[in-house]
Amino acid sequence: MEAGALIIFALLVLFAFLGLGVWATVKVVGAAKRGVDRTITQARRTVEDTTLKAKSLGQVGVAGALAQLRLDLRTSMRATQQALYQGVQTDSSLKESIGLFERLSAHGHELDEELKRLEQEPDRRRIADGLPELRERTAKIKQASDSLRWAARDRARRFAEDDLTALSEQIEVESGALRDWSRESVDDLAAAAEAAAQAGGTAGGAAAGGGAPAAGPRPAALNPSTPVTHYPWQKTPRPEATT
């Protein structure tokens, strides 16, 4: 009976380790896949941005205008996203700004997809007629994105300036305290020592007048002799030999 229980327990432990190993493998594979996906997405985005720059500079007319609109839109949105998501790590109040940016991103993605489809549209005249409205939409989204980004940067810069000002004031106070080495001058120390000596002499005279000899406290010396310091690496002096 005991042997059977031990076998069952051993099997349970084995299955637990196997399950843990499978779970760890799945987690590692998932993390690697996400890393690969991010790399591919970033590479695809870089290629697409490079292509848009080439189109905006090398093509004229409708094709160049559409490429420039997409490039302006994507550059602004990406910069704002980076500023907000980096800033929220130290300033939690940016969470509301990120919520607004996510809503703005929905409009930005929609416009970017529309501009991308229009790049393949053969009716260039119709696209040219719709360019003013596309420019207006792009400018509105870009302006809102830029406003969020610069507000977040101004807020971070203001916090940094306030912190630097407070730190500078604290350093000035500490520097003044370090330079104030004359709070207790030598004259003050001498007067205190003389008063202590007089108090000690008065106490000694009163004790002597009462018939009981008593030694009063010795006055404190202003410049007491420096005690000899023995360091652990010094040898113990040998006693002198006597004959």
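Bear in mind that the values here come from a model prediction, so they are computed numbers and not experimental data.

Engineer: I keep staring at the confidence of the model for the chain and nothing clicks. Help me out?
Structural biologist: If pLDDT is low for a region, its predicted coordinates should not be looked at in detail. For the chain, per-residue confidence averages 77 on the pLDDT scale, and 63% of positions sit at 70 or higher. Here helix H1 (residues 2-58) stands out as the element of the chain with the lowest mean pLDDT, 66, in contrast to helix H3 (residues 95-118), whose mean of 94 is the highest.

Engineer: Mind showing me how you'd approach helix H4 (residues 124-179) here?
Structural biologist: Each α-helix turn comprises 3.6 residues. Residues three or four places apart therefore point the same way. Its 56 residues give H4 an end-to-end C-alpha distance of 78 Å, which sits within 8% of 82 Å, the value for a rise of 1.5 Å per residue. Of all the bends found along H4, the most pronounced is centred on Gly130 and spans about 45°, while Pro132, a proline, follows it within four residues. Those residues of H4 that sit buried are Ile127, Leu131, Leu134, Thr138, Ile141, Ser145, Asp146, Leu148, Arg149 and Ala152. The inward-facing, buried residues of H4 abut helix H2 (62-87) and H3.

Engineer: I'm lost on the environment of Ala63 in this one. Help?
Structural biologist: Mapped onto the fold, Ala63 is located in helix H2. With a relative accessible area of 22%, Ala63 lands in the partly exposed category. Once the C-alpha coordinates of Ala63 and Leu52 are considered, the two residues, 11 residues apart in sequence, prove to be 9.9 Å apart.

Engineer: Teacher, can you tell me more about the packing of aromatic side chains here?
Structural biologist: Each pair of aromatic rings is reported with the distance of its centres and the angle of its planes. This structure, assessed with the given rule, holds 0 aromatic pairs. The ring of Trp150 carries the charged tip of Arg153 above its face, separated from the ring centre by 5.2 Å.

Engineer: Before we go on, may I ask you to explain the nonpolar core in this structure?
Structural biologist: Grouped burial of nonpolar side chains is what soluble globular proteins tend to show. Counting 19 residues, the largest nonpolar core has Leu66, Met77, Leu111, Leu115, Leu131, Leu134 and Ile141 as the members making the most contacts within it. With 7 residues, H2 is the single largest residue contributor to this core.

Engineer: How do you make sense of the pattern of salt bridges when you look at a structure like this?
Structural biologist: Side-chain pairing between opposite charges can occur once the charged atoms of the two side chains come close. Under the defined criterion, the tally for this structure stands at 10 salt bridges. With a shortest N-O distance of 2.5 Å, Arg155 and Asp91 are connected by a salt bridge. Taken together, the residues span a long stretch of sequence, with Arg155 in helix H4 and Asp91 in the loop between H2 and H3 at a distance of 64 residues. Judged by its relative accessible area of 34%, Arg155 is partly exposed. Residue Asp154 pairs with Arg157 through a salt bridge whose shortest N-O separation is 2.3 Å. Remark: Arg157 and Asp154 occur in helix H4; sequence separation between them is 3 residues, near one turn of the helix. Accessibility expressed as a relative area gives 36% for Asp154, which makes it partly exposed. Shared partners join several salt bridges into a network, and the residues in it are Arg70, Arg74, Asp112 and Glu119.

Engineer: I'm lost on the environment of Ser145 in this one. Help?
Structural biologist: Its location among the elements puts Ser145 in helix H4. The buried category is assigned to Ser145, whose relative accessible area is 0%. C-alpha separation for the pair Ser145 and Leu104, spaced 41 residues apart in sequence, amounts to 7.7 Å. Not counting the four nearest positions on each side in its chain, Ser145 is found in contact with Ser76, Met77, Thr80, Phe101 and Leu104. Side-chain polar atoms of Ser145 contact the side chain of Thr80, separated by 2.6 Å.

Engineer: Any chance you could explain the packing of H3 against H4 here in plain terms?
Structural biologist: To characterise two packed helices, one gives the angle between the axes of the helices and the distance between these axes. One way to put it is that H3 packs onto H4 with a least axis distance of 10 Å and a crossing angle of 160°. Of the possible angle classes, the one that applies to H3 and H4 is roughly antiparallel. The handedness of the crossing between H3 and H4 comes out as left-handed. Note on element contacts: H4 touches H3 through Arg124, Ile127, Leu134, Arg137, Thr138, Ile141, Ala144, Ser145 and Leu148, opposite Ser97, Phe101, Leu104, His107, Gly108, Leu111, Glu114, Leu115 and Leu118. Residues of the contact of H3 with H4, tallied by class, amount to 10 nonpolar, 5 polar and 3 charged.

Rules used throughout
- Residues numbered from 1 in each chain as written.
- Predicted model: local features only at pLDDT ≥ 70, side-chain atom pairs only at ≥ 80, totals over all residues.
- Heavy atoms only, no water.
- pLDDT = per-residue confidence, 0-100.
- Helix = DSSP H or I, 4+ residues; strand = E, 2+ residues; numbered from the N terminus.
- Expected span 1.5 Å × (residues − 1).
- Bend = angle between axes of the 7 residues up to and from the residue.
- Buried < 20%, exposed > 50% of the residue type's maximum accessible area, 1.4 Å probe, protein only.
- Contact = heavy atoms within 4.5 Å.
- Phe/Tyr/Trp six-rings, centres within 6.5 Å; stacked < 30°, edge-to-face > 60°.
- Lys NZ or Arg CZ within 6 Å of the ring centre and 35° of its normal.
- Core = buried A, V, L, I, M, F, W, Y, C linked by side-chain atoms within 4.5 Å.
- Salt bridge = Lys/Arg side-chain N within 4 Å of Asp/Glu carboxyl O.
- Polar contact = N/O pair within 3.5 Å; in protein donor to acceptor, adjacent residues only side chain to side chain.
- Axes fitted to C-alpha atoms, helices over the stretch in contact; angles between N-to-C directions.
- Parallel < 35°, antiparallel > 145°, perpendicular 65-115°, else oblique.
- Left-handed = near helix turned anticlockwise from the far one by under 90°.
- Nonpolar A, V, L, I, M, F, W, Y, C, P; charged D, E, K, R; others polar.

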